[in-house]
Amino acid sequence: MLATGTVLAIGLLTIALINPEYRTLCLWLLTVAAAFLVTGAIRVTVDQRGVMVASALLPVLRRRFPLHRIKQATAQWTRATEVGGWGYRWNPGLSAISLRGGDALWLSLANGTQFVITIDDAESAAALLNSYLPQKSGSQ
């Protein structure tokens, strides 16, 4: 997604500079390139507070899942088609950030929905997160 966004941005800027007739259209289409760039790389943090997923290029775009909202974490091999495609996906009962097929962290949330993030070593992330869950639920 990063490569696609970069190539698209360079191409659109080049066309906008060369041909003024298409400048407005190209500048509007840059929002598509920006979406690819912003969602093309993510940083996932799992700690005693829960899970945070943030854009690597624009960290203010993030999603947090505090421990009290997480019932269980599991790891499983996941294809993008299982979660609705690549990128940020929202479906009733299931949201996902899927940048590739492979290891994925599946969060079962307290409200009955699931959130899926494709990451390296999802098994370690799930084990770490689950180790925090009993401590959190026992203190309430």
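Just so you know, these numbers come straight off a predicted model, no measurement behind them. (Residues numbered from 1 in each chain as written. Predicted model: local features only at pLDDT ≥ 70, side-chain atom pairs only at ≥ 80, totals over all residues. Heavy atoms only, no water.)

### Some details on the domain arrangement of the protein
By the assigned domains, the protein splits into domain 1 (1-40) and domain 2 (42-132). Counting residues at the interface gives six residues for domain 1, matched by seven residues for domain 2. The contact between domain 1 and domain 2 buries some 480 Å² in all, and 74% of this surface belongs to carbon and sulfur atoms. Across the domain 1-domain 2 interface, the total number found is zero salt bridges. In terms of residue count, the dominant contributor to the side of domain 1 that touches domain 2 is helix H2 (residues 23-39) (three residues). (Domains from an automatic or database assignment. Contact = heavy atoms within 4.5 Å. Buried area = accessible area lost by both parts, 1.4 Å probe. Salt bridge = Lys/Arg side-chain N within 4 Å of Asp/Glu carboxyl O. Helix = DSSP H or I, 4+ residues; strand = E, 2+ residues; numbered from the N terminus.)

### Here's the deal with the environment of Arg79
Note on placement: Arg79 falls in the loop between strand E4 (70-78) and strand E5 (87-91). The exposure class of Arg79 is exposed, given its relative accessible area of 53%. Along the backbone, Arg79 and Gly102 are 23 residues apart, and their C-alpha atoms lie at a distance of 6.4 Å. (Buried < 20%, exposed > 50% of the residue type's maximum accessible area, 1.4 Å probe, protein only.)

### Quick notes on the sheet that holds strand E2 (residues 50-55)
Strand order in the open sheet made by the three strands is E1-E2-E3, with antiparallel pairing throughout. What marks the edges here is a single partner per strand, and that holds for strand E1 (42-47) and strand E3 (62-66). Put simply, the sheet's adjacent strands are angled 10° from each other on average, direction ignored. Bridge count between E2 and E3: five bridges; the pairing is antiparallel. (Pairing = 2+ DSSP bridges. Axes fitted to C-alpha atoms, helices over the stretch in contact; angles between N-to-C directions.)

### Here we look at the packing of aromatic side chains
The way to describe two aromatic rings as a pair is by their centre distance and the angle between their planes. A complete count under the given rule lists two aromatic pairs for this structure. Both rings, one in Phe65 and one in Phe115, keep their centres 4.6 Å apart while their planes meet at 45°; by these two values the pair is tilted. Pair noted here: Phe65 is in strand E3 and Phe115 is in strand E8 (residues 114-118), with a separation of 50 residues, a long-range link. The burial state of Phe65 is the same as that of Phe115; both residues are buried. Taking 6.4 Å as the distance between ring centres and 50° as the angle between the ring planes, the aromatic pair formed by Tyr88 and Phe115 counts as tilted. Within this pair, whereas Tyr88 is found in strand E5, its partner Phe115 is found in strand E8, the two being separated by 27 residues in sequence. Taking the relative accessible area as the measure of exposure, Tyr88 reaches 42% and is therefore partly exposed. Among the aromatic side chains, those forming a connected cluster through ring pairs are Phe65, Tyr88 and Phe115. (Phe/Tyr/Trp six-rings, centres within 6.5 Å; stacked < 30°, edge-to-face > 60°.)

### Let's talk about the pairing of E8
With four of its five residues buried, E8 lies for the most part within the structure. By the bridge criterion, four bridges tie strand E6 (residues 94-98) to E8 in an arrangement that is parallel. Bridging from a neighbouring strand, Leu94 pairs with Gln114 of E8. Linkage of strand E7 (residues 102-109) to E8, two consecutive antiparallel strands, is achieved through a turn of four residues, within which Gly112 is found at a positive phi near 90°.

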